[in-house]
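What the coordinates show
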Number of protein chains: 2
Amino acid sequence: MKINRDRLMKNVMELSVIGKNEAGGIDRSLSSEADFLSREWIKTYWRDNLKKEAETDAIANLWIRKEGREALSTIVFGSHNDAVPNGGAYDGALGVLAATEIMETLLENKIETRHPLAVVSFTGEEPNPYNISTLGSRVLSGRLRTADLKKLSNNKDGSPLSACIEKLGGDIEKADEILIRENEVAAFLELHIEQGKRLETMKCSSAAVTCITGIYRERITIIGEANHGGTTQMQDRHDALLAACELNLAFEKIVKKANDPEVVGTIGQLAVRPNEVSIIPGQIVLMLEIRTKDEAVKDTIVSALRTEATYIESRRGVTIQREVNLDQPAMYMDKTVVDAVRRGIKTVSGHEKVIELVSMAGHDAANMQRVTRAGMIFVKSLFGMSHCPEELSLAEDIEPTVQAMMEAILILDKELDV
Amino acid sequence: MKINRDRLMKNVMELSVIGKNEAGGIDRSLSSEADFLSREWIKTYWRDNLKKEAETDAIANLWIRKEGREALSTIVFGSHNDAVPNGGAYDGALGVLAATEIMETLLENKIETRHPLAVVSFTGEEPNPYNISTLGSRVLSGRLRTADLKKLSNNKDGSPLSACIEKLGGDIEKADEILIRENEVAAFLELHIEQGKRLETMKCSSAAVTCITGIYRERITIIGEANHGGTTQMQDRHDALLAACELNLAFEKIVKKANDPEVVGTIGQLAVRPNEVSIIPGQIVLMLEIRTKDEAVKDTIVSALRTEATYIESRRGVTIQREVNLDQPAMYMDKTVVDAVRRGIKTVSGHEKVIELVSMAGHDAANMQRVTRAGMIFVKSLFGMSHCPEELSLAEDIEPTVQAMMEAILILDKELDV
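Residues numbered from 1 in each chain as written. Chains lettered and ligands numbered in written order. Predicted model: local features only at pLDDT ≥ 70, side-chain atom pairs only at ≥ 80, totals over all residues. Heavy atoms only, no water.

Residue and element names in this part refer to chain B. Considering the arrangement of structural elements, one finds Ile-59 in the loop between β1 (55-56) and β2 (62-66). Under the relative-accessibility criterion, Ile-59 is labelled buried at 0%. Setting aside residues no more than four positions away along its own chain, Ile-59 makes contact with Thr-123, Leu-135, Gly-136, Val-139, Leu-149, Ile-165, Ile-172 and Ile-178. (Helix = DSSP H or I, 4+ residues; strand = E, 2+ residues; numbered from the N terminus. Buried < 20%, exposed > 50% of the residue type's maximum accessible area, 1.4 Å probe, protein only. Contact = heavy atoms within 4.5 Å.)

A separate point is the packing of aromatic side chains. Scanning the entire structure with this criterion turns up four aromatic pairs over all chains. Ring centres of Trp41(A) and Tyr45(A) lie 5.4 Å apart, and the angle between their planes is 10°; on these two criteria the pair is classed as stacked. Residue Trp41(A) and its partner Tyr45(A) are located together in helix α2 (residues 33-50), separated by four residues, close to a single helical turn. A residue is classified by how much of its surface remains accessible, and Trp41(A), at 17% relative accessible area, is buried. Over the ring of Phe36(A) we find Lys167(A); its NZ or CZ atom is 4.7 Å from the centre of that ring. Its guanidinium or amino end placed over the ring of Trp63(B), Arg65(B) lies 4.8 Å from that ring's centre, counting from NZ or CZ. (Phe/Tyr/Trp six-rings, centres within 6.5 Å; stacked < 30°, edge-to-face > 60°. Lys NZ or Arg CZ within 6 Å of the ring centre and 35° of its normal.)

To continue, consider the interface of chain B and chain A. Each partner contributes residues to the interface: chain B has 53 residues there, and chain A has 53 residues. If you look at where chain B meets chain A, you find four salt bridges. Where chain B packs against chain A, one counts 22 residue pairs in polar contact (both at pLDDT 80 or more). Within the residue set of the side of chain B that touches chain A, elements represented by two or more residues are β8 (227-228), α8 (240-257), β9 (264-273), β10 (279-280) and β11 (283-292) of chain B. Looking at the side of chain B that touches chain A element by element, the count peaks at nine residues for α8(B). Its residues assigned to classes, the side of chain B that touches chain A comprises 20 nonpolar, 19 polar and 14 charged. (Salt bridge = Lys/Arg side-chain N within 4 Å of Asp/Glu carboxyl O. Polar contact = N/O pair within 3.5 Å; in protein donor to acceptor, adjacent residues only side chain to side chain. Nonpolar A, V, L, I, M, F, W, Y, C, P; charged D, E, K, R; others polar.)

All names here are of chain A. Taken domain by domain, chain A holds domain 1 (5-212 + 330-415) and domain 2 (214-328). Averaged C-alpha coordinates put domain 1 and domain 2 at centres separated by 36 Å. The partner domain 2 presents eight residues to the 10 residues of domain 1 that form the contact. Summed over the shared surface of domain 1 and domain 2, the result is one salt bridge. At the junction of domain 1 with domain 2, the criterion picks out three residue pairs in polar contact (both at pLDDT 80 or more). In the side of domain 1 that touches domain 2, the residues fall into eight nonpolar, one polar and one charged. (Domains from an automatic or database assignment.)

Take the relation of the copies chain B and chain A next. Mapping chain B onto chain A is achieved by rotating through 179° and translating by 0.1 Å along the same axis, at an RMSD of 0.1 Å. Given the turn and translation reported, the copies of this chain are related as if by a two-fold rotation axis. For chain B, the residue whose C-alpha comes nearest the rotation axis is Cys245(B), separated from it by 2.2 Å. A shared interface surface links the copies, since 100% of the contact residues of chain B are contact residues in chain A too. (Least-squares fit on C-alpha atoms with pLDDT ≥ 70 in both.)

Okay, the sheet that holds strand β7 (residues 214-223) of chain A next. Residues and elements named next belong to chain A. Overall, antiparallel pairing links the four strands, which are arranged β9-β11-β7-β12 in an open sheet. Whereas interior strands pair on both sides, the edge strands pair on one side only; in this sheet they are β9 (264-273) and β12 (319-328). On average, adjacent strands in this sheet sit at an angle of 15° to one another, irrespective of strand direction. (Pairing = 2+ DSSP bridges. Axes fitted to C-alpha atoms, helices over the stretch in contact; angles between N-to-C directions.)

Here the focus is the sheet that holds β9(B). As a general point, the strands of a sheet are linked pairwise by backbone hydrogen bonds and lie either parallel or antiparallel. All names here are of chain B. Ordered in space as β9-β11-β7-β12, the four strands form an open sheet in which the pairing is antiparallel. The open sheet terminates on both sides in strands that have one partner only, identified here as β9 and β12 (319-328). Averaged over all adjacent pairs, the angle separating strand axes in this sheet is 15°, with direction ignored. Here β9 pairs with β11 via nine bridges, running antiparallel. Looking across to β11, one finds that Ile-267 is bridged to Leu-288. Along the sheet face, α8 touches β7 (214-223), β9 and β11 and points at about 175° away from the line of β9.

Residues and elements named next belong to chain B. On the secondary structure map, Asp-171 appears in the loop between α6 (161-167) and β5 (185-193). What makes Asp-171 partly exposed here is its relative accessible area of 30%. C-alpha separation for the pair Asp-171 and Ala-58, spaced 113 residues apart in sequence, amounts to 4.7 Å. In contact with Asp-171, not counting residues within four places along its chain, are Ala-58 and Ile-165.

All names here are of chain B. Within β5, nine of the nine residues are buried, which leaves the element mostly enclosed by the surrounding structure. Relative to β5, strand β3 (residues 74-80) runs parallel, the two sharing four bridges. Along β5, the bridge assignment pairs Val-76 with Phe-188.

Residues and elements named next belong to chain B. Interaxial distance between helix α1 (residues 5-16) and helix α3 (residues 93-108) falls to 10 Å at its minimum, and their mutual angle equals 140°. Here α1 is positioned oblique relative to α3, judged by the angle of their axes. Once α1 is placed against α3, the crossing between them reads as right-handed. Counting all contacts with α1, which are made through Arg-7, Leu-8, Asn-11, Val-12 and Leu-15, the residues of α3 involved are Ala-93, Leu-94, Leu-97, Ala-98, Glu-101, Glu-104, Thr-105 and Glu-108. The residue makeup of the contact of α1 with α3, split by class, is seven nonpolar, two polar and four charged. (Parallel < 35°, antiparallel > 145°, perpendicular 65-115°, else oblique. Left-handed = near helix turned anticlockwise from the far one by under 90°.)

Another point: the packing of helix α2 (residues 33-50) of chain B against α3(B). How two helices pack is summed up by the angle between their axes together with the distance between the axes. Residue and element names in this part refer to chain B. At a closest axis distance of 11 Å, the pairing of α2 and α3 adopts a crossing angle of 10°. Relative to α3, the element α2 is oriented roughly parallel. For the pair α2 and α3, contact is made by Trp-41, Ile-42, Tyr-45, Trp-46, Asn-49 and Leu-50 and by Val-96, Leu-97, Thr-100, Met-103, Glu-104 and Leu-107, respectively. Broken down by class, the residue content of the contact of α2 with α3 amounts to nine nonpolar, two polar and one charged.

Going from Arg273(A) to Pro274(A), the amide bond is cis rather than trans, its omega being 0°. Phi is positive for Thr134(A), close to 45°, though the residue is something other than glycine. Relative to the helices and strands, Thr134(A) resides in the loop between β4 (117-122) and α4 (135-140). Residue class for Thr134(A) comes out buried when judged on its relative accessible area of 8%. You will see that Ser31(B), though not glycine, has its phi angle at about 85°, which is positive. With respect to the helices and strands, the residue Ser31(B) is situated in the loop between α1 and α2. The exposure class of Ser31(B) is partly exposed, given its relative accessible area of 28%.

Pasting the structure below:
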């Protein structure tokens, strides 16, 4: 039984038109018109081709279901329909359409499974105007309750999240009811583009994801002395920006020293005060991020950074204040699911060796792991490009990966007795 | 004949109240309420104590005049009444009040001079909402004409400069009429705080200013590659911020190599795009500034910077675009005036050696040098602090400096035959 590659690729192309901007990117953030229209497309496709009427839950996740032969928990698979501003056609959308393709293949082959199956398209996985990512799966996993949701509003127009969710067919008043209960879901599987270059470097189409990286963030304030950029001699300066420059370069060196493709560090946000051409920068506020699955590696980097910061402080006469902003540990995927994914990939590729990767980005699967057995399968991203119009995965890599995911679902259906 | 130190310091304190904010700084930018009120204070002081009615010229510079015995050009002295936001009590104000004190001393001692004398308080010397500094002296020197002035408007409320100048008693329609003609002014002298630490280091109260520094600015754009801060491995990054950090540190090293207190370089303004915590910076725009009196030194720095930029470009795979934004040569003060200042300082201090400094900040005197013989005298700034509430010069340094300036004026009056 094979998935239908051409049908899947046609669907990817059709969905990618929704929200396409003049730069060729896709604008489909939560609450955008394109978010709404892409959901209508998905529901219509399910109705017309799978003969399944979509259910919309309280946080507006979309679902279709297929019954199982036995009284077992549901095996769920899917991803999200939304995109980052000026994003690409594959992040999220490919996971929803791959799940749809698998369900369609099983239906047209009249496959009866032991477990009920469900396809899900999650609400608002990406950063969005409500400042909350992985929204749909957060609610399912109980990380966000109705009381929390009521506090969220659109940072552009101030409208409440409730209005957006209502427009999408949900109802945040009932959000607490959709928390996934014990043994409601047997397993969750998500297909996603890698968004990095590791599969391309290794010339492989697919990988089993073993873990979703931990994310550690510090908000760092460097206090120097704002002074006249003409009259203050070089040796009398306490330039907070120069201190930040040293810190950033030292940080890069420390992270590179780990010499591990799954350890990265970034200073992506930095603000200079007073930010005037002739005034020595008196204050810098920056955000520093470390991603690794390994707490010990993170601790080593943080400690080396402390040494560097102290050195910079004393040499430049500045104060460096560090504040942990986020310290989210790695989320390991369920061993049974990872193993099923590994076996699915092996069956399709015919190779003994299966690539295992840490996901360096966050995903809905991390939330799902809190309430069920979750796993992910990655498909190769060309040039490692993602969150941009150039994002690309090829049919020749997508086909075996979706096929492997279907195999994994059938393995889980056969072997899981919950 | 001695100036009156206590009267002068009392005036400094009284004027410093106007525009004082809760942080202890002074908010007295062009067109502010405090700008208006400080002018009223000055005019009232002149009327009540010097028995001189202020004249307001077309750009709202304030003037009082004293006749001379001979048919000679006028010797002018003064500074500006405005301040930077949250500025100090001495920058500008001290120069106006010192000039006032000298005029008052001459008047009460019934000194007759050969030349007519005039005290001026310039309009808008500091950066202001109309994006034009040294406004009053620019108009007097012909650098700005009515046609230019009509194009300027307030960057906060959009109101035209003409409305502000009208409120202050001027009329930009007549601005072209006040351009200083040949032989209208014999000499110009300005007293100002040093704003640096050189006099403090040398334990001297006063310095003769030989030159106003040249200012060179580049707008530099660094183009890297914005990419996902999780999924992009360290060696695949083209981080524009890290490139900017290297450039800033290399720039500091190059400028320090000149090992000259009168050569400084600053990157004071820097913006990161997209400036998101998990996105590798794709673009940096920064402003770089070099100040030196010496074109050759500037050229050496610019050339060394070019070498560094090329190195950073090739090593980090980024593009560095440099654009000269300002290239203002040094303005040398008039030799006769500098000599008179030097002799004035020597007379008061009793020391043979007189400190000569390059002004590292711009001043109205630079514009005045274009149309007459200009010179400046600096008074010691404590801790080199300026443009901040902590700005401070002591009476014990101010007194001999103002006295020396009066001596210089009397020397010029005696020796200049124009």
